[in-house]
Amino acid sequence: MNYGEEHWIKVYTRDTPGWVSLSWQARGLMLELARKLPKHSGELPVGKKGLAAIAPLLRATWSEIEPFIRELIENGTLEYDAERQTI
């Protein structure tokens, strides 16, 4: 592996009240999602399937992750734009 050519993300380590109020499942899911976001825009197109399109990216079923995606949205950690079909 040539690490100089690999995409990487910055993970903040401060435990803010908002972050620690999330379930461990939602926090882990957000870190997995962050790995999938395009480097420059930070927006991930999900298409007509909407939020359910996230599941295959994470190699999970929608029923497994839906409550935690909703938790991230309600918390404000993740934003979903239905009109633009992006997260």
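Higher on the page you've got the structure.
My aim in this report is to walk through the structure given alongside it, one point at a time. In this convention, every chain numbers its residues from 1, walking through the sequence in written order. Local features in this predicted model are restricted to residues of pLDDT 70 or higher, and side-chain atom pairs are both shown and tallied only at a pLDDT of 80 or more, whereas totals for entire chains, interfaces and linings draw on every residue. The side-chain numbers reported here are obtained from all heavy atoms of the structure, hydrogens and water having been left aside.

With respect to the pattern of salt bridges
For salt bridges, the criterion is a side-chain nitrogen of Lys or Arg within 4 Å of an Asp or Glu carboxyl oxygen. As enumerated under the stated definition, the model contains three salt bridges in all. Glu43 is the partner of Arg84 in a salt bridge, and the nearest nitrogen-oxygen pair spans 2.7 Å. With Arg84 in the segment after α4 (62-75) and Glu43 in the loop between α2 (24-34) and α3 (54-57), this residue pair connects regions lying 41 residues apart in the sequence. Burial status follows relative accessibility: with a 1.4 Å probe on protein chains alone, a residue under 20% of its type maximum counts as buried, one over 50% as exposed, and anything between as partly exposed. Residue Arg84 is classed as partly exposed on the basis of its relative accessible area of 48%. The exposure class of Glu43 is partly exposed, given its relative accessible area of 29%. With a shortest N-O distance of 3.3 Å, Arg70 and Glu66 are connected by a salt bridge. With Arg70 and Glu66 both in helix α4 and four residues apart, the pair spans about one turn of that helix. We classify Arg70 as partly exposed; its relative accessible area is 37%. Here a helix means four or more residues in a row that DSSP labels H or I, a strand means two or more in a row labelled E, and each is numbered from the N terminus.

Quick word on α4
Over its 14 residues, α4 extends 19 Å from the first C-alpha to the last, a length consistent with the 20 Å expected when each residue adds 1.5 Å. Residues of α4 that are buried: Ile65, Ile69 and Leu72. In this fold, the buried residues of α4 make contact with α2 and α3. At the exit of α4 stands Gly76, carrying a positive phi of roughly 90°. A helix is expected to span 1.5 Å multiplied by its residue count minus one. Residue contacts are counted whenever heavy atoms from the two residues lie within 4.5 Å of one another.

Take it as geometry only, folks, not as evidence of what the structure does.
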